[in-house]
Each structure stands twice: as C-alpha cells, then as structure tokens.
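# Breakdown of the fold
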Amino acid sequence: MARESNSDEPNHAIAPDWWTGSFDTPQGRREEGKARRKTTPRSSHGEWQPPADRVDPVTTVASQDTERLQFLVPVRHKRMAESPFAFYRGAAKVMAADLASTPVSGLEVQLCGDAHLSNFGSFASPERQQVFDVNDFDETLLGPFEWDLKRLAASVVLASRANGLSASKGREATIDAVSGYRDAMAAFADARTLDLWYSALSLARVSEVVPKKSSRKRFEKTARKWRGKNSERALGKLTERRDGRVRIKSDPPLLIPLRDVPGVDADELDRQTRSALSDYASTLQENRRALLRRFTLIDVAIKVVGVGSVGTRCLIALFLGRDDDDPLFLQLKEATTSVLEDHLPASRHAHHGERVVAGQRLMQATSDVFLGWSTVRDHDFYWRQYHDMKGSADVAGMNAKRLSVYAGLCGWTLSHAHARSGDPIAIAGYLGKGSAFPEALADFAEAYADQNDRDYDAYMAAIRSGRIEAHEEGADA
C-alpha cells in the first residue's frame, strides 16, 4: 500500500533498511556543513604540533618490515632514502598517526588514505579512453575528508622544495590544490546526482587546461606514450622464450618468476595459484568472467613496484589468449591492514583485497574491468590489469606553473572521489567560498613538510648507523 502523500514533504519512498543517507533538503545539508565550523573552525586545520607521545617515525616505518619479503626490505629503504619526498611516499603510516591528533570536521568520505601527488595518474577506461584519476587505494578506508586533502597538500610543498622552487611558489601551488578541491566540491554540490556520479576527467580535458601550446604538445606526446603501455608492450619487455614457450624472464631481485624462488614446490604452487585464480574470477561480473575464461594462465612472477609497496607480495601473472601474441598481464598486489585502521573504525570488509576493490570502485569515475580479489597462501590480494595505459606525471620535472596546474587537477580529482562517497553539499557548506580553508591547509602543509624533513633526517641517521639496512637494487641482501 502506497504511503499517503504530504505536500510539505519531499516525495521520497520509505528508505530500505540498508539506507544510511538523509532526505534532508540541499539547504539543510549545506547549513549542517556550515554549522560544523563552530566546533571545528576552518582555521584550526592550519595547526600542526607533534603530540608529546608521538612515536619515533623510524620505529613506525620499520614496524612495517616484519611481514614483508625480507630480501626486498633493503630495496624499500633504498628507495625511501632517495629524498624527503620519497620518504614521505613510504611513510603513510607515520602521517596516519599524526593526522589522528589533528582537528576534524566530522564529515566523512571514502579516503584514498595515501593521496600524494604521485598517486594520481592515467589509465584506460573500459571504453578504452585515457582518463585521469586517483590510482592507489591500498590504504582506503572511511574517514575524515581532511586527512586525504592534508596529505595531498603536504606533498605539494615537498615536491616544490625538491624542485628548487621558492617557498612562495610552493605555497601558491598548495593553495591551487586546495582551491581546486573546494571549487570542484561547490560544483558537485550543485550538480544532479547522476551528473556528479558519471563525471570524469579525460586526458583530452586535461590537455585543455595546460597553459602553453608548447606544454600541451609535450603533454600530448606523454599521453601517447602512456597509451602504448599495455600487455603487448609488457610481453616484449618482461618475457622470453624458453624451450619454445613464452615465459616471464628473471631479473632478480626486481622480477623473479615463482619457479625460481628457492624452496618452492612447483606442483603445490601451481595448485594454489589456480585455486586463487578461480576465487578471483568469482569476484568479477559474469561477463568479465566470460572474458577471463578466454585466456590461459601461463606464468607468475614477483614484480617490485613503487616505494611504499616494496616488500609486500606484488606479483604479475601472464595469460595468453588465442596465441603467443595475444597477452594479458594481471597484477596481484598484497592487501594488508590499512594504516588508517589504527586510528579509525575497521573496514566492514574482512578481506583487505575486497576493501581495496570496494574503495576503488566507489572513488573512481571508471574502474578496471579486471578488478577483483582473492587469497593466496593465507595472504589477501587484489587483482587488476598491469600497464593498461597507466602513466603518472613526472612531478620532479615540474616548474612552478606546471606544478600549480597539476596540483589543481589533483585537487579536482580528489574532490570528485570524495563527492561520490560523501555528502558534497555538506562538505561544500563547510569549506565555503573564500580563502580561509585553503590558507589554513597551506599553513599545515608547510609545517608538516618541515616535520617530514626532520623525520627524513632521523631516518637517514638510522641508515648511517646501521639500524636500517638500505641496499642498492640488485645488490645481495
């Protein structure tokens, strides 16, 4: 029986049990956001003082080594030691603890959890268009929107310092990142729900905001290079023929076929891999399972990637379709407990691979058709395509203007991810239209970049003393 209509109420159906949203009016939601300024003023986000009980950052970083592949731990530390920005990329756990001591508005979204400048980039949509979006979700969790934005802002300051830019130029780029977030959130607050959901940032749109013709040509050349990063290219770079068969080649310690890992029972490994593949396939939509069944699993290898992920179990799997020239590479990345879970409620997903996939699907405008999860030898993994038109900007090569433009794009992108998962109207109400919030986050970013520099100095001292081992890639560990 239909509910009686009341002309003074919104014409909505009764919410089902799983519904957690609100049928409040847009104006009411905006006022709710504004009201939160009273308990958490926007200026309060500019504050950073390390708490008295702050754990030694070197201890925090080293605590993550225990469960990692030990022969790769020195490689991780060598990569983190390259610069303060590289250290920052690998020290998400340190900043998660620090953010837990900062003011929050109470407005929650699905967090990336590691939203620094190098965790945005290009990849292919299911329609084979190049899009730009957040592209790392290992730490994703529900939490305060400010945490992602503060991590992004501090990364802008660190990048500007690494590039030799003045403090004023670094602050300008940081404000552009936060203003880009604020302005995009205001637009999303006024957008129709489906328009917000389907909004995406193609590389063609990115090219339009590049300021100079020469810069646009350079960007378009880079975009073409990214477009060429696919399974066919990976086949030529990562494989060889052995006894007439295509196999992943060995290049230790950065690329090691599982058949070459000491002490591994090949038959047992084959059984476990195929069992994991079956479990993974069950997490895909039916039409995508049908597509996957057209390929045959050929080989699997450990493949070291990134900075913060080094030492976790990261694998690539080679599949072949109709013949040896029809490859599909999938990447399996170990999913461990999010660094945010020490400070926020745990994920509702018991499987961390599912946590990552669910967060990615919620935050991205379009996601990989092969995104799924499984368990391999008691470790949680998520699966995705490897080198599917993937690319990331060369942050280290950016001058002041390019850094500001790129930071603004990242701000827009992060805002869209948050608007999809949170309440854009309430967040826009809290942020407002003026400079109060961007200026506050610029203050925080500068102070936290100073903190990161101090932590990096302590980290380098630990390496020099032998407390932390950092080996060159390829050296004996």
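To be clear, the structure that these remarks concern was listed above.
These notes cover the structure that comes with them. Nothing here was measured: the structure is a model prediction, and the numbers come from that model.

### Focus on the sheet that holds strand 10 (residues 314–320)
Each strand in a sheet pairs with another by means of backbone hydrogen bonds, the pair being arranged parallel or else antiparallel. As summarised here, the arrangement of the six strands in space is 8-9-10-11-13-12, forming an open sheet in which the pairing is antiparallel. The open sheet has two edge strands with one neighbour each: strand 8 (255–257) and strand 12 (372–376). Across the sheet, the mean angle separating the axes of adjacent strands is 30° when strand polarity is ignored. Lying over the sheet, helix 11 (residues 231–238) contacts strand 8, strand 9 (296–303), strand 10 and strand 11 (327–334), oriented at roughly 80° with respect to strand 11. Helix-sheet contacts for helix 14 (residues 352–363) involve strand 12 and strand 13 (379–385), and the interaxial angle to strand 13 is about 35°.

### Notes on a nonpolar patch on the surface
On the surface, a nonpolar cluster with roughly 370 Å² of combined accessible area is contributed by Leu194, Trp197 and Tyr198. Positionally, tyrosine 198 belongs in helix 8 (residues 193–198). Among the residues examined, tyrosine 198 registers a relative accessible area of 62% and is labelled exposed.

### Structural notes on a positive patch on the surface
On the surface, Lys221, Arg224, Lys225, Arg233 and Lys237 cluster together to form a positively charged patch. A per-element tally of the positive patch places helix 10 (residues 213–227) first, with three residues. Structurally, lysine 221 is set in helix 10.

### Details of the nonpolar core
Counting residues in each nonpolar core, the largest one holds 91 residues, and the members touching the most others are Leu117, Phe120, Phe145 and Tyr459. Ranked by the residues each element gives to this core, the list is headed by helix 17 (residues 436–465), at eleven residues. Contact partners of leucine 117, with chain neighbours within four places excluded, come to Leu152, Ser155, Val156, Ala159, Val395, Leu403, Tyr406, Ala407 and Cys410. Counting residues in hydrophobic clusters, the runner-up holds 29 residues, among them Phe295, Val304, Phe319 and Phe370.

### Let's talk about empty space enclosed by the protein
Taken as a whole and judged by the stated rule, the model has three cavities of 30 Å³ or more. Its boundaries defined by the atoms lining it, the largest cavity holds a volume of some 60 Å³. Along the walls of the largest cavity sit Ala92, Met95, Ala96, Leu99, Leu111, Gly113, Trp147, Asp148, Arg151, Val339 and Leu340, which together make up its complete lining. Among the elements of the structure, helix 5 (92–99) and helix 6 (145–162) are those that each provide at least two residues to the lining of the largest cavity.

### Points about the packing of helix 5 against helix 17
Look at helix 5 against helix 17: their axes get within 12 Å of each other, and the N-to-C directions meet at 130°. In terms of their interaxial angle, helix 5 and helix 17 are classed as oblique. Both helix 5 and helix 17 take part in a crossing whose hand is right-handed. Two secondary-structure elements touch here, helix 5 through Val94, Met95, Asp98 and Leu99 and helix 17 through Phe444, Tyr448 and Asp455. Class assignment for the residues of the contact of helix 5 with helix 17 results in five nonpolar, no polar and two charged.

Definitions and cut-offs
Residues numbered from 1 in each chain as written. Predicted model: local features only at pLDDT ≥ 70, side-chain atom pairs only at ≥ 80, totals over all residues. Heavy atoms only, no water. Pairing = 2+ DSSP bridges. Helix = DSSP H or I, 4+ residues; strand = E, 2+ residues; numbered from the N terminus. Axes fitted to C-alpha atoms, helices over the stretch in contact; angles between N-to-C directions. Contact = heavy atoms within 4.5 Å. Patch = residues over 30% accessible without salt bridge, like charges linked within 9 Å, V, L, I, M, F, W, Y side chains within 5 Å. Areas by Shrake-Rupley, 256 points an atom, 1.4 Å probe, with all protein chains shown as cover. Salt bridge = Lys/Arg side-chain N within 4 Å of Asp/Glu carboxyl O. Buried < 20%, exposed > 50% of the residue type's maximum accessible area, 1.4 Å probe, protein only. Lys, Arg positive; Asp, Glu negative; His and termini not counted. Charge placed at Lys NZ, Arg CZ, Asp CG, Glu CD. Core = buried A, V, L, I, M, F, W, Y, C linked by side-chain atoms within 4.5 Å. 1 Å grid on protein atoms, 1.4 Å probe; cavity = no way out; pocket = protein on both sides within 12 Å on 5 of 7 lines; lining within 4 Å. Points joined across faces, edges and corners; volume = space filled by probe spheres on them. Parallel < 35°, antiparallel > 145°, perpendicular 65-115°, else oblique. Left-handed = near helix turned anticlockwise from the far one by under 90°. Nonpolar A, V, L, I, M, F, W, Y, C, P; charged D, E, K, R; others polar.

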